[in-house]
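What the coordinates show
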Amino acid sequence: QEYRVTFVVVTGVLALIVASPALSRLLVYPRTEFFTELWILDADHRAEDYPFNITRNYSYSVFLGVGNRLGYCGYYLVEVKFRNLTQSGADSFNRTASSLPSLFNVTAFVADEAVWELPLQFSFDYVWDEGRSKVDFLGLRLNDVWLNMTDYTVSWDPDKREFRGFLFFELWLYNASSNVFQYHGRFVGLRLNMTAKTL
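Figured I'd write up the structure that's included with this text. (Residues numbered from 1 in each chain as written. Predicted model: local features only at pLDDT ≥ 70, side-chain atom pairs only at ≥ 80, totals over all residues. Heavy atoms only, no water.)

Some details on the overall build of the protein chain
When you go through the protein chain residue by residue, the secondary structure sums to 1 helix and 11 strands. Traced from its N-terminal end to its C-terminal end, the protein chain shows the element sequence α-β-β-β-β-β-β-β-β-β-β-β. Since a compact globule built from 199 residues should have a radius of gyration of about 16 Å, the 25 Å found for the protein chain marks it as more spread out than a globular shape. For the protein chain, the C-alpha atoms occupy an extent of roughly 100 × 40 × 30 Å along the three principal directions. Classification of the 199 residues of the protein chain by burial places 37% in the buried group. Here the contacts in the protein chain between residues at least 6 apart in sequence split such that 66% fall between residues at least 24 apart. Treating the 18 positive side-chain charges of the protein chain as one cloud and the 22 negative ones as another, the clouds have centres 2 Å apart. (Helix = DSSP H or I, 4+ residues; strand = E, 2+ residues; numbered from the N terminus. Rg over C-alpha atoms; globule rule 2.2 N^0.38 Å. Buried < 20%, exposed > 50% of the residue type's maximum accessible area, 1.4 Å probe, protein only. Contact = heavy atoms within 4.5 Å. Lys, Arg positive; Asp, Glu negative; His and termini not counted. Charge placed at Lys NZ, Arg CZ, Asp CG, Glu CD.)

Spelled out as structure tokens, the structure:
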């Protein structure tokens, strides 16, 4: 009698171990985390070789991606912005957007558990001032759309020894209750050095 009980218990445990991979495919566990992913990849779809030394009028390529893990179809807005060292960007700690104006907006519907990716090609047109103390921007070409940047400047950073600017992308999510896009607490960006070489 004791051997029979032991045999049944051992057989049952082994059956559960063998069947667990198949059962895990049949069982649906409730989702506990709901979020959105936002990323930039380089021209080779890697997180390695990002554009940095920017040659005037030269075209650079990156990929902007959004992954929806909200549990429902998300309606997203991406605001494209540019800032220099003295201007404020988005704040990760307080989850607040930058107060700078958007240069360009992109909207997309992304289904739950889906990924949306946008290839971006951009180039800057800019000039140096006479004393070579700052860079004055003329415009940004983004996917063949010309964006006016005549009010934008970048000053020399003596610590880094570069004319440093930041091209960044803020993610906003449509709130159906209030009928507005709200900042979704996510942004990604590229640190850029304007080398003032001309093509």
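Back to the text.
Looking at the pattern of salt bridges
Counting across every chain of the model gives 10 salt bridges. The residue Glu-79 makes a salt bridge to Lys-81 at a minimum N-O spacing of 3.4 Å. For the pair formed by Glu-79 and Lys-81, the shared burial category is buried. What you see here is one network of salt bridges that share partners, running through Asp-157, Glu-162, Arg-164 and Arg-191. (Salt bridge = Lys/Arg side-chain N within 4 Å of Asp/Glu carboxyl O.)

A short note on the pairing of strand β4 (residues 74–84)
Within β4, 10 of the 11 residues are buried, leaving the element largely enclosed by the surrounding structure. Looking at chain direction, β4 and strand β5 (residues 104–110) are connected through 7 bridges and run antiparallel. Paired with Leu-77 across the two strands is Thr-107, which belongs to β5. (Pairing = 2+ DSSP bridges.)

Comments concerning the side chain of Arg-164
Tracing the sequence through the fold places Arg-164 in strand β10 (residues 162–175). Taking the relative accessible area as the measure of exposure, Arg-164 reaches 12% and is therefore buried. Within the local environment of Arg-164, its side chain forms a polar contact with the side chain of Asp-157, the two groups lying 2.4 Å apart. Polar side-chain contacts of Arg-164 include one of 3.0 Å to the side chain of Glu-162. Excluding anything up to four places from it in sequence, Arg-164 contacts Asn-84, Leu-85, Val-154, Ser-155, Asp-157, Arg-191 and Leu-192. (Polar contact = N/O pair within 3.5 Å; in protein donor to acceptor, adjacent residues only side chain to side chain.)

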